[in-house]
Amino acid sequence: MFTHAFRQFVFTAAVLAVVSAIPTEELEERSSCTISSVSTASSISSCSSVTISAFTVPSGSTLSLSPKSGATITMAGDITFAKTSSDGPLFTIDGDDITFNGAGYSFDGNGADYWDGEGTDGGVDKPHPLLKFKGSGTYSDFTVLNSPAQAISIGNSDGLVFDSITVDNSDGDTDDLGANTDGFDVSADDVTIKNSVVKNQDDCLAINDGSSIVFEDNTCSGGHGISIGSISSDNSVSDVTISGNTVKDSMYGLRIKVKASATDASVSDITYSGNTITGIDKYGVLITQSYPDDDGTPGTGGPISDINFTGSTTTITVGDDAKRLTIDCGACSGTWDFSKLKITGGSEGTVDSDDATISGGSY
Ligand SMILES: *[C@@H]1O[C@H](CO)[C@@H](O)[C@H](O)[C@H]1NC(C)=O
């Protein structure tokens, strides 16, 4: 007769046979993996090397990557986003110490399928942002083509570097259909963006919240220039360096914009150096606490302090109808060293700097 012990033995042996039938490579860590669809993107958590091949993210789907800490990710083809009614971001990546090499390939948002001149304020729903980055690491050498609205959003950073990124929304210039196509929106600490190119119809860079941010050696054209803000209530931006950038054919050159309605907000320690700015049709430099007005009735809930133009000269040439420098402060303070700021062309703006003392510069 079969004893209980014997039955237990048979059962255990059967289980062992099943376990040993699982291929060992699935139990071990895979070193290299390929993403070729939305579903294959969900199984990269153990891959230290990931290749992304060309594919289309179908309507209704979004692409989310949670790579292994320290992973290297390399693009080997373009990722295209089919027209969708999904909310953005359509692509999210969040990992620690990631090395991401776009190898010159693109994220194509098919913006022309959405653009109607109304941006995110009306008309067709536009997924935004197109791409969202969190975590830490270095992301380099890819293009964002034709984002429906905002292109790249950076949040929850533990140290992120973006090097040699192109945001090309220049197709949106046709009939003024592209709008709110911000290049980089930053709400994060410890972020560097360098050697990048943005062609768009809104802010090249907008820093909404965060500290220890560097924006250097980038080129912006067609849009609204390099911005701190707009700053909303409870948001603060500090310790920012904007250096060596080129801004061409844009509405503003450099702007700090705090919402008139903001409370418990602040902007401090902003340094501009060695920027070259031409073809500006509204303001060369605008520092305002009356946003959304350019120069209106400023609020006092988002004080601005320590704004400097130092290091190498920042040279700005504005168009005939533009103002050179306007400051519209309700609550500004400190000594602002503008000695390395030179603005020519257009007409003089209005400088109302409240308690801030501005020294040097020609504007
Ligand atoms: C800006 O300049 C002022 C006046 O020279 C100086 O006290 C301050 O430390 C400078 N701020 C930064 C962030 O460099």
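Residues numbered from 1 in each chain as written. Predicted model: local features only at pLDDT ≥ 70, side-chain atom pairs only at ≥ 80, totals over all residues. Heavy atoms only, no water.

Visitor: Sorry, what's going on with the packing of aromatic side chains here?
Guide: For any pair of aromatic rings, the description rests on two quantities: the centre-to-centre distance and the angle between the ring planes. Within the structure shown, the criterion is met by 16 aromatic pairs. Ring geometry for Phe100 versus Phe107: centroids 6.5 Å apart, planes at 25°, classification stacked. On the basis of relative accessibility, which here comes to 1%, the residue Phe100 falls in the buried class. Judged by its relative accessible area of 0%, Phe107 falls in the buried class. Measuring from ring centre to ring centre gives 5.0 Å for Phe133 and Tyr139, while their planes differ by 70°; the resulting arrangement is edge-to-face. Tyr139 shares its class with Phe133; the two are buried. When the ring centre of Tyr114 is taken as reference, the NZ or CZ atom of Lys83 above it lies at 5.7 Å. Positioned above the aromatic ring of Tyr252, the side-chain terminus of Arg255 is 3.7 Å from the ring centre. (Phe/Tyr/Trp six-rings, centres within 6.5 Å; stacked < 30°, edge-to-face > 60°. Buried < 20%, exposed > 50% of the residue type's maximum accessible area, 1.4 Å probe, protein only. Lys NZ or Arg CZ within 6 Å of the ring centre and 35° of its normal.)

Visitor: Quick question: what am I supposed to make of the site of the ligand here?
Guide: The immediate surroundings of the ligand are formed by Asp269, Thr271, Asp306, Asn308, Thr335 and Asp337. Contacts to the ligand include Asp306, whose side-chain N or O atom sits 3.3 Å from a nitrogen atom. Here an oxygen atom of the ligand and a side-chain polar atom of Asn308 are 2.4 Å apart. Protein contact buries 50% of the 360 Å² of open area that the ligand shows by itself. Residue assignment for the shell around the ligand shows that the elements contributing at least two residues are strand E21 (266-273), strand E23 (304-309) and strand E25 (332-337). Split into classes, the residues belonging to the shell around the ligand amount to no nonpolar, three polar and three charged. (Near = heavy atom within 4 Å. Polar contact = N/O pair within 3.5 Å; in protein donor to acceptor, adjacent residues only side chain to side chain. Areas by Shrake-Rupley, 256 points an atom, 1.4 Å probe, with all protein chains shown as cover. Helix = DSSP H or I, 4+ residues; strand = E, 2+ residues; numbered from the N terminus. Nonpolar A, V, L, I, M, F, W, Y, C, P; charged D, E, K, R; others polar.)

Visitor: Help me understand the state of the cysteines, please; the structure alone is not making it clear to me.
Guide: Note: disulfide means a covalent bond formed between the sulfur atoms of two cysteine side chains. Per the counting criterion, the structure on display carries three disulfides. Two residues, Cys33 and Cys47, share a disulfide whose sulfurs are 1.8 Å apart. Looking along the S-S bond of the Cys33-Cys47 disulfide, the torsion reads about -90°, which is the left-handed sense. Placement of the pair is Cys33 in strand E1 (residues 32-35) and Cys47 in the loop between E1 and strand E2 (49-52), with a sequence separation of 14 residues. (Disulfide = S-S within 2.5 Å.)

Fair warning: the whole summary comes from geometry, so function is off the table for now.
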